Amino acid sequence: QKEVEQNSGPLSVPEGAIASLNCTYSDRVSQSFFWYRQYSGKSPELIMSIYSNGDKEDGRFTAQLNKASQYVSLLIRDSQPSDSATYLCALRGSTLGRLYFGRGTQLTVWP
Amino acid sequence: KAGVTQTPRYLIKTRGQQVTLSCSPISGHRSVSWYQQTPGQGLQFLFEYFSETQRNKGNFPGRFSGRQFSNSRSEMNVSTLELGDSALYLCASSLGRFDYTDTQYFGPGTRLTVL
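Residues numbered from 1 in each chain as written. Chains lettered and ligands numbered in written order. Predicted model: local features only at pLDDT ≥ 70, side-chain atom pairs only at ≥ 80, totals over all residues. Heavy atoms only, no water.

**Points about the overall build of chain B**
Applicable threshold: Put simply, DSSP marks the helices as runs of H or I at least four residues long and the strands as runs of E at least two long, and each gets a number from the N terminus on. Throughout, the radius of gyration refers to the C-alpha atoms, and the reference size of a globule is 2.2 Å times the residue count to the power 0.38. Between buried and exposed lies partly exposed: a residue is buried under 20% and exposed over 50% of the maximum accessible area for its type, with that area taken using a 1.4 Å probe on protein chains only. Only heavy atoms matter for contacts: two residues are in contact if any of them lie within 4.5 Å across the pair. In these tables, accessible area is a Shrake-Rupley quantity obtained with a 1.4 Å probe, and a residue counts as shielded only by the protein chains included in the view. Note on charges: Lys and Arg go in the positive column, Asp and Glu in the negative column, and His and the chain ends are not counted at all. Charge placement uses NZ in Lys and CZ in Arg. For Asp and Glu, CG and CD serve respectively.
A count of helices and strands for chain B gives zero helices and 11 strands. Moving toward the C terminus, one meets the helices and strands of chain B in the order β-β-β-β-β-β-β-β-β-β-β. The C-alpha radius of gyration computed for chain B amounts to 13 Å, which stays within 12% of the reference 13 Å derived for 115 residues, consistent with globular compactness. Expressed as lengths along the three principal axes of its C-alpha atoms, the size of chain B is roughly 40 × 25 × 25 Å. Counting across all 115 residues of chain B, residues that qualify as buried make up 51%. Across chain B, the fraction of contacts at a sequence separation of at least 24, relative to all contacts at a separation of at least 6, is 55%. Total accessible area computed for chain B in this model is approximately 5400 Å², and 49% of it derives from carbon and sulfur atoms. Placing the 12 positive and 7 negative side-chain charges of chain B at their respective mean positions leaves the two points 5 Å apart.

The following block contains the structure:
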């Protein structure tokens, strides 16, 4: 069983701040990593994917991957109240097709 | 391009009944995965279908079953419903490539309530 651990939260940040969401995983052979955002009562929507060590930026979002430390993070710059949601970290291990999800971190951005 | 669709969106059943949920993937996607989401357990993987064959399976009892049709549409069935089956059931589709970049996109979900 692949373990995906996320900082338990809830995480609360003021508008305009940087929100940092963290995820660690147990399986060293994991190759692809995904961040999903889920608003209350809605389904998860894909924010970013990352496959190589380093940073990947998309607008206000930056994903960071460190395979040696088995760590992936999501930074949200200039956080907005509309970013308030649960963020799910997911990875694909050696078994193709199957994603493993963390329990999620609830983020609240207050005005 | 239309997204993943799921029907019905809401369902109320009583214990002992059975239920069938439907999922239509994004056009061109051949893989469909099903998840159960509850507040206590988070997102739990049920199974994945690719080209009408079950490719992966999670740790759920045999009451949970699924199938996929030749047009990639998928159904899941839960027999002998229990109160604990109340959950949001999510379907996700992907191209199904044998490639670690294969990305899943979720449908809106079916909210099942068992009374």
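There's plenty left to go through after this.
**Some details on the packing of aromatic side chains**
For clarity, the threshold we go by: We call Phe, Tyr and Trp rings a pair once their centres come within 6.5 Å, taking the six-membered ring for Trp, and we label the pair stacked below 30 degrees between planes, edge-to-face above 60, and tilted otherwise. Whether a charge sits over a ring depends on NZ of Lys or CZ of Arg being within 6 Å of the ring centre and within 35 degrees of the ring normal.
By the definition in use, this model includes 11 aromatic pairs over all chains. The cationic tip of Arg60(A) hangs over the ring face of Phe61(A); the distance from NZ or CZ to the ring centre is 5.5 Å.

**Quick look at the sheet that holds strand β1 (residues 5-7) of chain B**
Backbone-to-backbone hydrogen bonds join strands into a sheet, with any given pair of strands oriented parallel or antiparallel. All names here are of chain B. Selection criterion: Any two strands are treated as partners once DSSP identifies two or more bridges connecting them. Only the contacting stretch of a helix is used when fitting its axis, a line to C-alpha atoms as for every element, and angles between N-to-C directions run 0 to 180 degrees.
Taken in spatial order, the four strands line up as β1-β3-β8-β7 in an open sheet, and their pairing is antiparallel. Two strands in the sheet have a free side with no partner beyond their single neighbour: β1 and β7 (64-68). With direction set aside, neighbouring strand axes in the sheet form an average angle of 20°. Of the strand pairs in this sheet, strand β3 (residues 19-24) and strand β8 (residues 74-78) are connected by five bridges, and their pairing is antiparallel. Among the inter-strand pairings, Leu-21 is bridged to a residue of β8, identified as Met-76.

**Quick look at the sheet that holds strand β3 (residues 19-25) of chain A**
All names here are of chain A. Judged by pairing direction, the sheet is antiparallel, and its five strands sit side by side in the order β1-β3-β8-β7-β6 without closing on themselves. Each having just a single partner strand, β1 (4-6) and β6 (54-58) make up the two edges of the open sheet. Across the sheet, the mean angle from the axis of one strand to that of its neighbour is 20°, orientation sign disregarded. As paired elements, β3 and strand β8 (residues 71-76) share six bridges and run antiparallel to each other. Pairing of Leu-21 across the sheet is with Leu-74, part of β8.

**Describing the interface of chain A and chain B**
Worth spelling out the cut-off: Once two parts are brought into contact, the accessible area they lose, counted with a 1.4 Å probe and summed over both, makes up the buried area. In the sections that follow, a salt bridge refers to a side-chain nitrogen of Lys or Arg positioned within 4 Å of a carboxyl oxygen of Asp or Glu. Polar contact is defined as a pair of N or O atoms within 3.5 Å, subject to the rule that within protein one atom must be able to donate a hydrogen and the other to accept it, and that residues adjacent in sequence are counted only when both atoms are side-chain atoms.
Listed per partner, the contact involves 20 residues of chain A and 26 residues of chain B. Summing both partners gives a buried area of about 1800 Å² for chain A against chain B, and 56% of it is carried by carbon and sulfur. Across the contact surface, chain A and chain B share zero salt bridges. Inspection of the chain A/chain B interface yields eight residue pairs in polar contact (both at pLDDT 80 or more). Put simply, the parts of the chain that give the side of chain A that touches chain B at least two residues each are β4 (32-38), β9 (85-92) and β10 (99-101) of chain A.

**Some thoughts on the side chain of Gln68(B)**
Residues and elements named next belong to chain B. Looking at the secondary structure, you find Gln-68 in strand β7. Taking relative accessible area as the criterion, Gln-68 reaches 5% and is therefore assigned buried. A polar contact is formed between the side chain of Gln-68 and the backbone oxygen of Arg-30, at a distance of 3.1 Å. Of the polar contacts made by the side chain of Gln-68, one reaches the backbone nitrogen of Ser-51; its length is 3.2 Å.

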